[in-house]
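This is what each chain is made of:
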Amino acid sequence: MEELLKKELSCSTVTPVGSSGGGCISEGQSYRTDSCTVFTKINHKTQARCMFDGEKASLEAILSTNTIRVPKPWKVVDMESGGAMFIMEHIDMKSLNRYAGKLGEQLADLHLHNKRQKDKQKKEEQTVGKGTSQAEDQVIEKFGFHVKTCCGYIALVNDWQDDWVSFYAQQRLQYQVGLVEQSYGDREARELWASLQLKIPKLFEGVEVEPALLHGDLWSGNVAECSDGPLIFDPASFYGHAEFELGISGMFGGFGKRFYDAYYENIPKAPGFEKRHQLYQLFHYLNHWNHFGTGYRGSSLRIMKELSK
């Protein structure tokens, strides 16, 4: 590994720093080089390149908004033994604590960034005697993303769509239910989905959904803080409804009152939030079912039953 890093980073010394670690999907290790310290993620699955290319594009997109800190991505490298390695900035981090409120504020800024760019562009176009200028960032009018991203190791369908309800129903929920069907042939899940998909549009009546850049997998294991503020990592980004981000944020530990107070001060809950919150949690329960097995079946079916009433 050290020799591969020397070649890819054009350096003469590479030394492992600390102990190796990782999450449920990939292995992680930091290395000190001649000029800096880098963090590497390694995955030996055949889809590793797709996973890391999507993560790199996600980090680049979030970084470009200048709203919330993420590790700076460097490069994705194929490994001779199979799989791929993702090289990025090393950041000394610890568990989120004092900056929980700041995280909520900055996450709201990330979610509002595209709308603010759109409003700014519109204002410039309406200014008398002033031609349209190039916006600082491209304004995104649709839902999706320009590359595949992976939530875990399952590639997400990110084809651009004009309508959020159609995007979410087809490219998130229906896709996951289809994977459940392939793996388990679960009749109850299939029947509940047939009923639920007819009721989804009603959950969005009177709600205007603006495309927002999302982290996409923002649970407590993908946030931290460093000496000067919060940071987020391991994204599976796409442009979607900001409320989607909060689906998994309350699962597996959650973030606490200071985070939510700061977020909702900037983006208040819209009418019908609670049922849509369940709908967004459903994706993550189905995704976990497809990754880790039937331990997540009960939670998936419970939500489908409740929302199908």
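So, here's what we can say about the structure. (Residues numbered from 1 in each chain as written. Predicted model: local features only at pLDDT ≥ 70, side-chain atom pairs only at ≥ 80, totals over all residues. Heavy atoms only, no water.)

1. Points about the overall build of the protein chain
Convention followed: Helix and strand labels come from DSSP, where a helix needs a run of H or I of at least four residues and a strand needs a run of E of at least two; each type is numbered from the N terminus. As a reference, a globule follows 2.2 Å times the number of residues to the power 0.38, and the radius of gyration itself is taken over C-alpha atoms. Whether a residue is buried, partly exposed or exposed follows from its accessible area with a 1.4 Å probe, protein chains only, as a fraction of its type maximum: under 20%, in between, or over 50%, in that order. Here, two residues are considered to be in contact whenever any of their heavy atoms come within 4.5 Å of each other. Here, Shrake-Rupley sampling with a 1.4 Å probe gives the accessible areas, and only protein chains in the shown set may cover a residue.
Counting its regular elements, the protein chain contains nine helices and 11 strands. Relative to the 2.2 N^0.38 estimate, which gives 19 Å for 309 residues, the radius of gyration of the protein chain is 20 Å and therefore close to what a compact globule would have. Over its C-alpha atoms, taken along the principal directions, the protein chain stretches across nearly 65 × 60 × 35 Å. Considering the protein chain as a whole, with its 309 residues, one finds that 51% of them fall into the buried category. Counting only contacts in the protein chain whose residues sit at least 6 apart along the sequence, the fraction spanning at least 24 positions is 63%. Total accessible area on the protein chain is roughly 14900 Å²; 47% of this is exposed by carbon and sulfur atoms.

2. Things to note about the environment of Ser237
Quick note on the threshold: Distance and chemistry together define a polar contact, namely a pair of N or O atoms within 3.5 Å, with one atom able to donate a hydrogen and the other to accept it when in protein, and with adjacent residues in sequence counting only for side-chain atoms on both sides.
Position of Ser237 relative to the elements: it lies in the loop between strand S10 (229-232) and strand S11 (238-240). Overall, the relative accessible area of 0% leaves Ser237 in the buried class. Between the C-alpha atoms of Ser237 and Val14, which are 223 residues apart in sequence, the distance is 31 Å. Reaching out from Ser237, the side chain makes a polar contact with the backbone oxygen of Leu214 at a distance of 2.8 Å.

3. Side note on the packing of helix H4 (residues 164-184) against helix H5 (residues 187-199)
Working note: a packed helix pair is described by the angle between its axes plus the distance between those axes. Put simply, the test is: Orientation is described by lines fitted to C-alpha atoms, with helices fitted over the stretch in contact, and by angles between N-to-C directions that extend from 0 to 180 degrees. Here is the rule for angles: anything less than 35 degrees is roughly parallel, anything more than 145 is roughly antiparallel, 65 through 115 is roughly perpendicular, and the remaining ranges are oblique. Each helix crossing is assigned a hand: it is left-handed if the near helix lies turned anticlockwise from the far helix by less than a right angle, otherwise right-handed if that turn is clockwise. Each residue is assigned to one class: nonpolar for Ala, Val, Leu, Ile, Met, Phe, Trp, Tyr, Cys and Pro, charged for Asp, Glu, Lys and Arg, and polar for all the others, Gly among them.
Between H4 and H5, whose axes approach to 10 Å, the crossing angle comes to 165 degrees. Comparing their axes, H5 and H4 come out roughly antiparallel. Of the two elements, H4 crosses H5, and the hand of that crossing is left-handed. Across from Ala169, Leu173, Gln174, Val177, Val180 and Glu181 in H4, the residues of H5 making contact are Ala189, Arg190, Trp193 and Gln197. Classifying every residue of the contact of H4 with H5 gives six nonpolar, two polar and two charged.

4. A word on the packing of aromatic side chains
Applicable threshold: Stacked, tilted and edge-to-face are the three classes assigned to paired rings of Phe, Tyr and Trp, where Trp is represented by its six-membered ring and a pair needs centres within 6.5 Å; plane angles under 30 degrees give stacked, over 60 edge-to-face, the rest tilted. In this scheme, Lys NZ or Arg CZ marks a charge over a ring once it lies within 6 Å of the ring centre and within 35 degrees of the ring normal.
According to the stated counting rule, one finds 23 aromatic pairs in the structure shown. For the ring pair Trp160 and Tyr239, a centre distance of 6.3 Å and an interplane angle of 35 degrees mean the geometry is tilted. You can see Trp160 sitting in the loop between strand S7 (154-155) and H4 and its partner Tyr239 sitting in strand S11, a full 79 residues away along the chain. Judged by its relative accessible area of 38%, Trp160 falls in the partly exposed class. The exposure class of Tyr239 is buried, given its relative accessible area of 13%. Ring geometry for Trp164 and Tyr168: centres 5.5 Å apart, planes at 25 degrees, overall stacked. With Trp164 and Tyr168 both in helix H4 and four residues apart, the pair spans about one turn of that helix. Taken individually, Trp164 and Tyr168 each receive the classification buried, so the pair is uniform in this respect. When the ring centre of Tyr153 is taken as origin, the NZ or CZ atom of Lys45, which lies over that ring, is 4.4 Å away. Above the face of the Phe238 ring, Arg172 is positioned so that its terminal group lies 4.3 Å from the ring centre.

5. Examining the side chain of Ser308
Its place among the elements puts Ser308 in helix H9 (residues 297-308). Within polar-contact distance, the side chain of Ser308 engages the backbone oxygen of Met304 at 2.6 Å. The contacts of Ser308, once residues within four sequence positions are left out, are Leu192, Ser195, Leu196 and Lys199.

6. A few points about the pairing of strand S9 (residues 223-226)
The following threshold applies: Any two strands with at least two DSSP bridges between them are considered paired.
Side chains Val223 and Glu225 project from S9 onto one buried face, and the interleaved Ala224 and Cys226 project onto a second face that is buried too. Strand direction decides the pairing type here: S9 and S10, joined by four bridges, are antiparallel. From the neighbouring strand, Glu225 faces S10, where its bridge partner is Pro230. Adjacent in sequence and paired antiparallel, S9 and S10 are bridged by two residues.

7. Notes on helix H6 (residues 242-249)
Across the eight residues that make up H6, a large majority, eight, are buried. For H6, the complete set of buried residues consists of Ala242, Glu243, Phe244, Glu245, Leu246, Gly247, Ile248 and Ser249. Along its buried surface, H6 packs onto helix H3 (100-126), H4, strand S8 (212-214), S11, helix H7 (257-266) and helix H8 (273-292).

8. Digging into the pairing of strand S4 (residues 73-78)
Residues in a regular strand point their side chains to alternate faces of the sheet. Looking at chain direction, S4 and strand S5 (residues 84-89) are connected through five bridges and run antiparallel. Across the sheet, Val77 pairs through a bridge with Met85, a residue of S5. As consecutive antiparallel partners, S4 and S5 are separated by five residues, and within that stretch Gly82 has a phi angle of approximately 105 degrees, a positive value.

Honestly, that's just the spatial picture; any functional story needs more than this.
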